[in-house]
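# Observations on the model geometry
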Amino acid sequence: MSSSLVGIAYMCLGVLCLALGDAVAKWLGQSFAPVQIIFFRTLVSLPLIALIASLNGGLRTLATHRPKVHLLRGLIATGTMYCFVIGLTLLPLATATAIAFAAPLFVTLLSAPMLNERVERLPFIASLIGFAGVLVVVRPGAEGFQLGGLIVVGAAVCYALLMITARRYGARENLWAMVFYVTLVPWLVSTALLPFFWLSPQPVHWFGFVGAGILGVGAMTCITLAFRHAPASLAAPFDYTAMIWAVILGWWFWGEMPDLWVYVGSGVIIASGVAIAIHERQVAIKARPTTSA
């Protein structure tokens, strides 16, 4: 099997883990506050991340000379987690997933003012079309409009900021250090708030709390391996397979059936994201140095 196919397989597996983790969080959200869900999810994830780091260079890889950067990214990650978990409790799983797909579109538009990167015409237009797809899903002003849609848009914006800061500082920081601190800060915030929201779990809930943490680390690991085996522009579009799992899981566990507009908006968002990925791949190919015989 070629390296690219291995990367695609890892990406699909990672996306499945994410979708399952979201479904577990939605289920837990029916009984527990987002604070408690995020507390246990990050509590389970932290030692697993530390273990993976220790196997990839030792715990010294978690040392950093940029604590302020990691604090900022950790607070952004906290906003991402809280907004998305709250959105999951208010929206059907497929709808929340579709809106979250807007994150790469925000990256495209924000990379110009925040990273001083030149955004070419095609990605810019594709991003605007993608936002039209988001509006189709959210439908502001429509009878079925819910605040949850705007909250998930907030999660997408926070996640885009997380990706932009990773692009800016990632080359100078260890990967697992960055992952560790964006998990540590949400755990610290949740720990501080937990006494105000604590509710004693039933035995079955403990499996959900632990499972959500394990699935989160599994998703992160698989997606990281995906980008090591395949070019980002090739692996990234397979992130959209999350929509398939979201529809299946939402229907299976909650009887949720997205309406036509969710499918239409999702199609527009996905097409825009794929167009941007194809454009980036073409740019990367043209930028490769050529050798003469």
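Residues numbered from 1 in each chain as written. Predicted model: local features only at pLDDT ≥ 70, side-chain atom pairs only at ≥ 80, totals over all residues. Heavy atoms only, no water.

In the nomenclature of an unreviewed UniProt entry, the protein is known as DMT family transporter of Modicisalibacter luteus.

Take the state of the cysteines next. This structure, assessed with the given rule, holds zero disulfides. Left unpaired, cysteine 158 is separated from the closest cysteine sulfur, that of cysteine 83, by 5.2 Å. In this structure cysteine 158 comes out as buried when scored by relative accessible area, which is 19%. Looking at the unpaired cysteine 222, the closest cysteine sulfur is the one in cysteine 17, lying at 5.2 Å. (Disulfide = S-S within 2.5 Å. Buried < 20%, exposed > 50% of the residue type's maximum accessible area, 1.4 Å probe, protein only.)

Turning our attention to the side chain of threonine 42. Its place among the elements puts threonine 42 in helix 2 (residues 34–55). A residue is classified by how much of its surface remains accessible, and threonine 42, at 2% relative accessible area, is buried. Polar side-chain contacts of threonine 42 include one of 2.7 Å to the backbone oxygen of isoleucine 38. Those residues in contact with threonine 42 that sit more than four places away from it in its chain are Met81, Thr183, Pro186 and Trp187. (Helix = DSSP H or I, 4+ residues; strand = E, 2+ residues; numbered from the N terminus. Polar contact = N/O pair within 3.5 Å; in protein donor to acceptor, adjacent residues only side chain to side chain. Contact = heavy atoms within 4.5 Å.)

Moving on to the packing of helix 8 (residues 175–193) against helix 9 (residues 203–229). The interhelical angle for the contact between helix 8 and helix 9, taken along N-to-C directions, is 150 degrees, at an axis separation of 13 Å. As judged from the angle between their axes, helix 8 and helix 9 are roughly antiparallel. The two elements helix 8 and helix 9 meet at a crossing, and its hand is right-handed. Side by side, helix 8 and helix 9 meet where Leu175, Trp176 and Val179 of the first sit next to Met220, Thr221, Thr224 and Arg228 of the second. For the contact of helix 8 with helix 9, the residue count by class is four nonpolar, two polar and one charged. (Axes fitted to C-alpha atoms, helices over the stretch in contact; angles between N-to-C directions. Parallel < 35°, antiparallel > 145°, perpendicular 65-115°, else oblique. Left-handed = near helix turned anticlockwise from the far one by under 90°. Nonpolar A, V, L, I, M, F, W, Y, C, P; charged D, E, K, R; others polar.)

Turning our eyes to something else, we now look at the UniProt feature "domain: EamA" (unreviewed entry) in the protein. This chain's UniProt record puts "domain: EamA" (unreviewed entry) on residues 6–138 and 147–272. From the first C-alpha to the last, residues 6–138 spans 35 Å; its make-up is 82% helix and 0% strand. (UniProt positions renumbered as here; feature names shortened; annotations may be inferred.)

In a regular helix each residue adds 1.5 Å, so 18 residues correspond to 26 Å; helix 6 (residues 121–138) covers 26 Å between its end C-alpha atoms and thus fits that length. Residues of helix 6 that are buried include every one of Pro123, Ala126, Ser127, Gly130, Phe131, Gly133, Val134, Val137 and Val138, and no others. Projected down its long axis, helix 6 shows its buried positions confined to an angular sector of 155 degrees, all on one face. Looking at helix 6, the residues exposed on the side facing more than 90 degrees away from the buried face are Arg121 and Leu135. Arginine 139, located one to two residues past helix 6, shows a positive phi value of around 50 degrees. (Expected span 1.5 Å × (residues − 1). Arc of directions from axis to C-beta.)

Moving on to the environment of isoleucine 86. By the element assignment, isoleucine 86 lies in helix 3 (residues 67–90). The spacing of isoleucine 86 and isoleucine 151 is 65 residues in sequence and 7.4 Å in space, taken between C-alpha atoms. When sequence neighbours within four positions are dropped, the list of residues in contact with isoleucine 86 reads Pro34 and Ile151.

Here we come to the nonpolar core. Core analysis: the largest hydrophobic core is formed by 55 residues, its most contacted members being Ile37, Ile99, Phe106, Val134 and Met243. Counting 13 residues, the second-largest nonpolar core is a separate cluster that includes Leu62, Ala177, Tyr181 and Val217. (Core = buried A, V, L, I, M, F, W, Y, C linked by side-chain atoms within 4.5 Å.)

Taking 1.5 Å of rise per residue, 19 residues should cover 27 Å, and helix 8 covers 28 Å from first to last C-alpha, within 8% of that figure. Taken residue by residue, helix 8 has Trp176, Ala177, Met178, Val179, Phe180, Tyr181, Val182, Thr183, Val185, Pro186 and Ser190 as its buried positions. Contacts made by the buried residues of helix 8 are with helix 2, helix 3, helix 7 (147–169) and helix 9.

Here the structure, examined in full by the defined rule, presents one salt bridge. Notably, a salt bridge pairs lysine 26 with glutamate 256, separated by 3.5 Å at the nearest N-O pair. Here glutamate 256 lies in the loop between helix 11 (242–254) and helix 12 (260–287) and lysine 26 lies in helix 1 (residues 3–29), a separation of 230 residues in the sequence. (Salt bridge = Lys/Arg side-chain N within 4 Å of Asp/Glu carboxyl O.)

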